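One letter stands for each residue in the lines below.
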Amino acid sequence: LVVLAVLVSVNILINRISTFNKNGADYKLIAADLPRDAVLMINDPSSLYYHTKLTGVVLPNSDPSVVTTLATRYGVTHLVLDKNRTQPFAALFEGTETRPFLKVYKSYDDFRVFEIVKGAK
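Student: Give me the lowdown on the overall build of the protein, citing residues and values where you can.
Tutor: Scanning the protein from N- to C-terminus turns up five helices and five strands. The order of α-helices and β-strands along the protein, N terminus first, is α-α-β-α-β-α-β-α-β-β. Relative to the 2.2 N^0.38 estimate, which gives 14 Å for 121 residues, the radius of gyration of the protein is 17 Å and therefore markedly larger than a compact globule would have. Overall size of the protein, expressed as C-alpha extent along the three principal axes, is 65 × 30 × 20 Å. Going through the 121 residues of the protein one by one, you find that 39% of them count as buried. Sequence-distant contacts, at least 24 apart, represent 51% of the contacts inside the protein between residues at least 6 apart. Accessible area for the protein stands at about 7600 Å²; split by element, carbon and sulfur atoms hold 58% of it. The distance from the centre of the 14 positive side-chain charges to the centre of the 11 negative ones in the protein is 3 Å.

Written as structure tokens, this is what we have:
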């Protein structure tokens with residue numbers, strides 16, 4: 001039984017390993033469409049930096065209205081939302097809500113990239 005359990009586990013692992021963590025490929029795809037000096041607000045800024053050398057700040061778990069404050073404070077130019085975004089940003093990700101300070105920059109299958117419009121509230 002132990003051998004069977006190991007074989008089943010290895011089979012499942014082999015089938016899932018290609019999609020286990022595709023953040024690197026996704027981040028490289030996003031970075032290719034952005035200016036080299038872009039600063040992103042994203043779920044995993046350390047992984048973003050590792051794969052693209054672009055800097056970023058963590059997506060907050062608060063109302064999207066804080067984006068302008070954080071953008072001003074940290075020089076953030078773009079917001080990246082994916083399926084793992086924080087709950088307050090769900091409507092923006094799904095496209096059922098808009099904010100005047102966010103302009104859709106590009107949409108991918110799993111990501112939405114917004115440009116942060118300076119001076120808009």
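What follows picks up the thread again.
Student: If you had to explain the sheet that holds strand β3 (residues 78-82) to someone new, which residues and values would you point to?
Tutor: An order of β2-β1-β3-β5-β4 is seen for the five strands of this open sheet, with the pairing classed as mixed. The open sheet terminates on both sides in strands that have one partner only, identified here as β2 (55-58) and β4 (102-107). Here the average twist between neighbouring strands, direction ignored, is 30 degrees. Pairing of β4 with strand β5 (residues 111-116) involves five bridges; the strand directions are antiparallel. Bridge assignment links K103 to a residue of β5, and that residue is E115. The strands touched by helix α2 (residues 23-32) within the sheet are β1 (39-42), β3 and β5, with β5 carrying the most contacts at an inclination of about 35 degrees.

Student: Requested: an account of the pattern of salt bridges, with residues and values cited.
Tutor: By the definition in use, this model includes five salt bridges. Between D33 and K106 there is a salt bridge, with its nearest N and O atoms 3.1 Å apart. One end of the pair, D33, is in the loop between α2 and β1; the other, K106, is in strand β4, and 73 residues separate them in sequence. Under the relative-accessibility criterion, K106 is labelled partly exposed at 33%. A salt bridge links R85 to E94; the nearest nitrogen and oxygen atoms lie 3.5 Å apart. Here the residues in one salt-bridge network are D63, E97 and R99, joined through shared partners.

Conventions we followed
Residues numbered from 1 in each chain as written. Predicted model: local features only at pLDDT ≥ 70, side-chain atom pairs only at ≥ 80, totals over all residues. Heavy atoms only, no water. Helix = DSSP H or I, 4+ residues; strand = E, 2+ residues; numbered from the N terminus. Rg over C-alpha atoms; globule rule 2.2 N^0.38 Å. Buried < 20%, exposed > 50% of the residue type's maximum accessible area, 1.4 Å probe, protein only. Contact = heavy atoms within 4.5 Å. Areas by Shrake-Rupley, 256 points an atom, 1.4 Å probe, with all protein chains shown as cover. Lys, Arg positive; Asp, Glu negative; His and termini not counted. Charge placed at Lys NZ, Arg CZ, Asp CG, Glu CD. Pairing = 2+ DSSP bridges. Axes fitted to C-alpha atoms, helices over the stretch in contact; angles between N-to-C directions. Salt bridge = Lys/Arg side-chain N within 4 Å of Asp/Glu carboxyl O.

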